[in-house]
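# Working through the structure, step by step
Now for the letters of each chain:
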Amino acid sequence: MFGFGKLKFRGVDKKWISDEAHVEDYQSAEPIGRVRLGKLCLYYRDLGRKYYVPYEYIDRSFTRISECQPDDSPAYYYYRLILVHGETEFANLIFNKEEDVDRIHTLLKERHPEIQYGYVPPADGKERPKFS
């Protein structure tokens, strides 16, 4: 009646979809952390929402490593999967294992070979704000 339990995905264009093709693609894709790489799109969860990103929208992906240094404890690291369109970082997904992020990069390259890998500094030399 109210659509509870029905899968809905928010796109990069801020529109919601819930068609059967995307739902089946999402459910058949293997999860890697909070990311799923389907045949149609990359899906991820963030702040309680499910997002979909067509592979054609992703221009570049790279890994950013964040170090946390707690008091009197050894440092630990977070591995962030960063997705870029144009010069804008539109997704910043945190993982505990670097292997998961590396696997996603490999699968992205298999699914859409046009996606570039690696960080490219801004042309004007000004560092863009990063996600926290």
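The shown structure was predicted, so the numbers you read here are calculated from the model rather than taken from an experiment.

### Quick word on helix α1 (residues 20-28)
Inspection of α1 places H22, V23, D25 and Y26 among the buried residues, and these make up the whole buried set. Angularly, the buried residues of α1 cover 165° about the axis, an arc narrow enough to put them on a single face. When the buried face of α1 is taken as reference, the exposed residues oriented beyond 90 degrees from it are E20, Q27 and S28.

### Observations concerning the sheet that holds strand β7 (residues 60-68)
One key point about sheets: their strands pair by backbone hydrogen bonds, in either a parallel or an antiparallel sense. One open sheet accounts for 4 strands, arranged β9-β8-β7-β10; its pairing is mixed. Each edge of the sheet is formed by a strand with only one pairing partner; in this case those strands are β9 (88-95) and β10 (116-117). Both β7 and β10 contribute to a ladder of 2 bridges, which runs parallel. Bridge assignment links R60 to a residue of β10, and that residue is Q116.

### Section: the pattern of salt bridges
This structure, assessed with the given rule, holds 3 salt bridges. Between R103 and E30 there is a salt bridge; the shortest N-O distance is 3.0 Å. Here E30 lies in the loop between α1 and β3 (31-32) and R103 lies in helix α2 (residues 98-111), a separation of 73 residues in the sequence. Overall, R103 belongs to the partly exposed group, its relative accessible area being 36%. Close ionic contact of D46 with R34 constitutes a salt bridge, the shortest N to O distance being 3.4 Å. With D46 in strand β5 (residues 41-46) and R34 in the loop between β3 and β4 (35-37), this pair connects stretches of sequence that are 12 residues apart. Overall, the relative accessible area of 25% leaves D46 in the partly exposed class. Looking at R34, the relative accessible area reads 24%, which means it is partly exposed.

### Remarks on unusual backbone geometry
With phi around 70°, K14 is a residue other than glycine that occupies positive phi space. The residue K14 is located in the loop between β1 (9-10) and β2 (16-17) in this model. Overall, K14 belongs to the exposed group, its relative accessible area being 56%. Of note, the phi angle at L47 is positive, near 50°, even though the residue is not glycine. Topologically, L47 is positioned in the loop between β5 and β6 (49-54). According to the relative accessible area criterion, L47 is exposed, its value standing at 81%.

About the thresholds
- Sequence order as written defines the numbering, with residues in each chain counted from 1.
- Reporting in this predicted model follows two pLDDT cut-offs: at least 70 for local features of residues, and 80 or more for side-chain atom pairs to be given and counted; totals over whole chains, interfaces and linings ignore these cut-offs and use all residues.
- Calculated side-chain values reflect all of the structure's heavy atoms, with hydrogen atoms and water omitted.
- Each residue gets one of three labels from its accessible area relative to the maximum for its type: buried under 20%, exposed over 50%, partly exposed in between, using a 1.4 Å probe on protein chains only.
- Think of it this way: any DSSP run of H or I at least four residues long counts as a helix, any run of E at least two long counts as a strand, and we number them from the N terminus.
- For this quantity, the arc is that covered by the directions from the helix axis to the C-beta atoms.
- The pairing criterion for strands is at least two bridges between them, as found by DSSP.
- By convention in these notes, a salt bridge is any Lys or Arg side-chain nitrogen within 4 Å of a carboxyl oxygen on Asp or Glu.

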